[in-house]
Amino acid sequence: MNAVPSKEEWPLWEVFVRSKAGLDHKHCGSLHAADPQMAIQLARDVYTRRQEGTSVWVVRSDQIVASDPGDKAAYFDPMADKIYRHPTFYELPKSLDHM
Amino acid sequence: MYTQAMDTMGKDRDDMPKAVRSADEAARQESFDARIDAGEFIEAKDWVPEHYRKTLVRQISQHAHSEIVGMLPEGNWISRAPTLKRKAILLAKVQDEAGHGLYLYAAAETLGTSRDQLYEALHSGKAKYSSIFNYPTLTWADMGVIGWLVDGAAIMNQVPLCRCSYAPYARAMVRICREESFHQRQGFEALLTMMTRGSEAQKAMVQDAVDRWWWPSLMMFGPPDSESPNSEQSMRWGIKRISNDDLRQKFVDATVEQSKLLGVTMPDPDLRWNEERQSYDFGAIDWKEFWQVVGGDGPCNRERLGARVKAWEDGAWVRDAAMAHAHKHSLKEAA
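Residues numbered from 1 in each chain as written. Chains lettered and ligands numbered in written order. Predicted model: local features only at pLDDT ≥ 70, side-chain atom pairs only at ≥ 80, totals over all residues. Heavy atoms only, no water.

*Asks:* I'm lost on the overall build of chain B in this one. Help?
*Replies:* Along its length, chain B carries 14 helices and two strands. Each principal axis of the C-alpha distribution contributes one length, and for chain B these read about 65 × 60 × 35 Å. Taking all 335 residues of chain B together, the buried fraction comes to 54%. For chain B, restricting intrachain contacts to residue pairs at least 6 apart in sequence, the fraction spanning at least 24 positions comes to 79%. For chain B, the centre of its 42 positive side-chain charges and the centre of its 48 negative side-chain charges are spaced 5 Å apart. (Helix = DSSP H or I, 4+ residues; strand = E, 2+ residues; numbered from the N terminus. Buried < 20%, exposed > 50% of the residue type's maximum accessible area, 1.4 Å probe, protein only. Contact = heavy atoms within 4.5 Å. Lys, Arg positive; Asp, Glu negative; His and termini not counted. Charge placed at Lys NZ, Arg CZ, Asp CG, Glu CD.)

Below, the structure is given as structure tokens:
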């Protein structure tokens, strides 16, 4: 019962949904679609069946540039010792605590 | 239904964890183990041991296949639903199963196996899906019982997976569990309607459906812990959180109480409350039947796989046409 393989797999798209006006779009998953129009249509059907969104973005997965997880330490750890970037670093007189 | 994946894993040599080779790999393995022990989540592009990857691809894809094949027994009743309301509910539920299959395939694909490879494994019979979907749906009451017992068992299995160490899988499970609750409730409510307002024949139909689905539902949790050799490794990796037998007991304790509300009985003469254990004792499960169904010889295995392969093959020209259209369109845009 071997199925005939399809000639070409539909490309992969990443889906971002804005759950309500005023909030940002958030990544919620991915899907396969032949073209942008179909990707938007399928994103609606797959990811917003219960009014989870008011706006959908789709982008081809192969178009996303991401940082390398292997570089995580080299990339992000230098920020760990820059505590002076946080407001809590600065001790102010009590009367000014809520500056 | 997902714990079955590990218990039915082939005994091929490549299923076995390989000996760690280089010092570099040993260091990566060590840091991976430390992250697992610290309860950290593993993301798609992180380094993972090959055996972890294989186990997850198998478990997630079996889970996905189960959602997709699971549409078939219910699809059978969409055109036969007794009212428009029940038809709309059933349609929504079957659409959800398709969605759940897609979330899960997407999670499996992040581990480096393509969608077509996953389908091919299902269609060739190499990959398994939950044994439960190889039983026939003979009456309308089966729709209610599937919601109540089958989806109920699935939820019990799935809730712990929301904390699975592999984050893309865990995120898919969170979404699925949120939606699955509707499936169980609509099933129970459909049965309750028949049991409280139905005719004698309808009540008998509900009891008959419970009689046929009870044991296969208990089998959904997989073989007894004593015969579940892969469990320990999966527990260590946080892919599995609660043992087969513990989940099964939890399911029995919950559903037997619910059956009293419905006014049905479970087909088990040995079922009784154990005061000491504060749990229900239940009779022996027919594991011969379980392994027979898993092995391909259940009442509907051939029919289910045949329907799935036919749908895939009949749809091939549509998939190809959509791609051809997309190519033509992008050429026009480039010109």
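From this point, things continue past the structure.
*Asks:* Help me understand the layout of surface pockets, please; the structure alone is not making it clear to me.
*Replies:* Gaps between atoms show up when a probe of the same size as a water molecule is rolled over them. The calculated volume of the largest pocket comes to roughly 1,600 Å³. For the lining of the largest pocket, the secondary-structure elements that each account for two or more residues are β1 (12–18), β2 (26–32) and α2 (72–76) of chain A together with α2 (23–37), α5 (84–109) and α8 (167–197) of chain B. Looking at the lining of the largest pocket element by element, the count peaks at six residues for α8(B). By residue class, the composition of the lining of the largest pocket is 18 nonpolar, nine polar and 14 charged. Estimated volume of the second largest pocket: approximately 760 Å³. Lining the second largest pocket are 25 residues, with A:W10, B:L102, B:R115, B:Y119 and B:R308 positioned closest to its centre. Counting residues per element, the ones that place at least two in the lining of the second largest pocket are β2 and α1 (36–47) of chain A together with α5, α6 (115–123), α13 (301–314) and α14 (316–334) of chain B. If one sorts the elements of the lining of the second largest pocket by residue count, α5(B) sits on top with four residues. Here the residues of the lining of the second largest pocket sort into 12 nonpolar, five polar and eight charged. (1 Å grid on protein atoms, 1.4 Å probe; cavity = no way out; pocket = protein on both sides within 12 Å on 5 of 7 lines; lining within 4 Å. Points joined across faces, edges and corners; volume = space filled by probe spheres on them. Nonpolar A, V, L, I, M, F, W, Y, C, P; charged D, E, K, R; others polar.)

*Asks:* Can you walk me through the pattern of salt bridges in this structure?
*Replies:* Any two side chains of opposite charge can pair, given that their charged atoms come close. This model, assessed by the stated rule, comprises 27 salt bridges over all chains. Between B:D96 and A:R49 there is a salt bridge whose closest N-O contact spans 2.8 Å. On the criterion of chain membership, the pair formed by B:D96 in helix α5 and A:R49 in the loop between α1 and β3 (55–60) is interchain, its members lying in two chains. Notably, a salt bridge pairs B:E97 with B:K93, separated by 3.1 Å at the nearest N-O pair. (Salt bridge = Lys/Arg side-chain N within 4 Å of Asp/Glu carboxyl O.)

*Asks:* Would you take a moment to explain the packing of helix α3 (residues 50–69) of chain B against α5(B) for this structure?
*Replies:* A pair of packed helices is characterised by two quantities: the angle between their axes and the separation of those axes. All names here are of chain B. It is at 8 Å that the axes of α3 and α5 come closest, and there the two elements cross at 160°. Here α5 runs roughly antiparallel to α3, going by the angle between their axes. You can see that α3 and α5 cross each other, and the crossing is left-handed. Contacts from V57, I60, S61, H63, A64, H65, E67 and I68 in α3 reach E97, A98, H100, G101, L104, Y105, A107 and A108 in α5. The residue inventory of the contact of α3 with α5, partitioned by class, reads nine nonpolar, five polar and two charged. (Axes fitted to C-alpha atoms, helices over the stretch in contact; angles between N-to-C directions. Parallel < 35°, antiparallel > 145°, perpendicular 65-115°, else oblique. Left-handed = near helix turned anticlockwise from the far one by under 90°.)

*Asks:* Could you clarify how one ought to interpret the interface of chain B and chain A in this entry?
*Replies:* Interfaces are frequently sized by the accessible area removed from exposure as the parts join. The interface of chain B with chain A comprises 32 residues on the first partner and 24 residues on the second. Looking only at chain B, the three residues that lose the most surface to chain A are B:R175, B:D320 and B:M323, adding up to 20% of its buried area. Summed over the shared surface of chain B and chain A, the result is four salt bridges. Where chain B touches chain A, the interface holds 11 residue pairs in polar contact (both at pLDDT 80 or more). Partitioned by chemical class, the residues of the side of chain B that touches chain A number 10 nonpolar, nine polar and 13 charged. (Buried area = accessible area lost by both parts, 1.4 Å probe. Polar contact = N/O pair within 3.5 Å; in protein donor to acceptor, adjacent residues only side chain to side chain.)

*Asks:* Could you clarify how one ought to interpret the side chain of B:D46 in this entry?
*Replies:* Mapped onto the elements of the fold, B:D46 is located in the loop between α2 and α3. Within polar-contact distance, the side chain of B:D46 engages the backbone nitrogen of B:E43 at 2.9 Å. Look past the residues within four positions of B:D46 in its chain and what remains in contact with it is A:P69, B:R35 and B:F41.

*Asks:* Before we go on, may I ask you to explain the environment of B:M143 in this structure?
*Replies:* Residue and element names in this part refer to chain B. Structurally, the position occupied by M143 is in helix α7 (residues 141–158). For the pair M143 and V264, spaced 121 residues apart in sequence, the C-alpha to C-alpha distance is 16 Å. M143 has contacts with P73, E74, W77, L90, T137 and Q186, leaving out every residue within four places of it along the chain.

*Asks:* Where do I start with the nonpolar core in this structure?
*Replies:* Within soluble globular proteins, side chains that are nonpolar tend to cluster in buried spots. Judged by nonpolar contacts, the single largest core of 91 residues is most densely connected at B:Y52, B:I60, B:W148, B:Y166, B:Y169 and B:W214. In terms of residue count, α7(B) provides more of this core than any other element does, 10 residues in total. Ranked by size, the runner-up nonpolar core spans five residues in total, among them A:W10, A:A34, B:A322 and B:A326. (Core = buried A, V, L, I, M, F, W, Y, C linked by side-chain atoms within 4.5 Å.)

*Asks:* Looking at this structure, how should I read the side chain of B:R248?
*Replies:* All names here are of chain B. Its place among the elements puts R248 in helix α11 (residues 244–262). Classification of R248 as buried rests on a relative accessible area of 2%. Those residues within four positions of R248 in sequence are excluded, and the remaining contacts are L218, M219, F221, G222, P223, P224, F282, I285 and W287.

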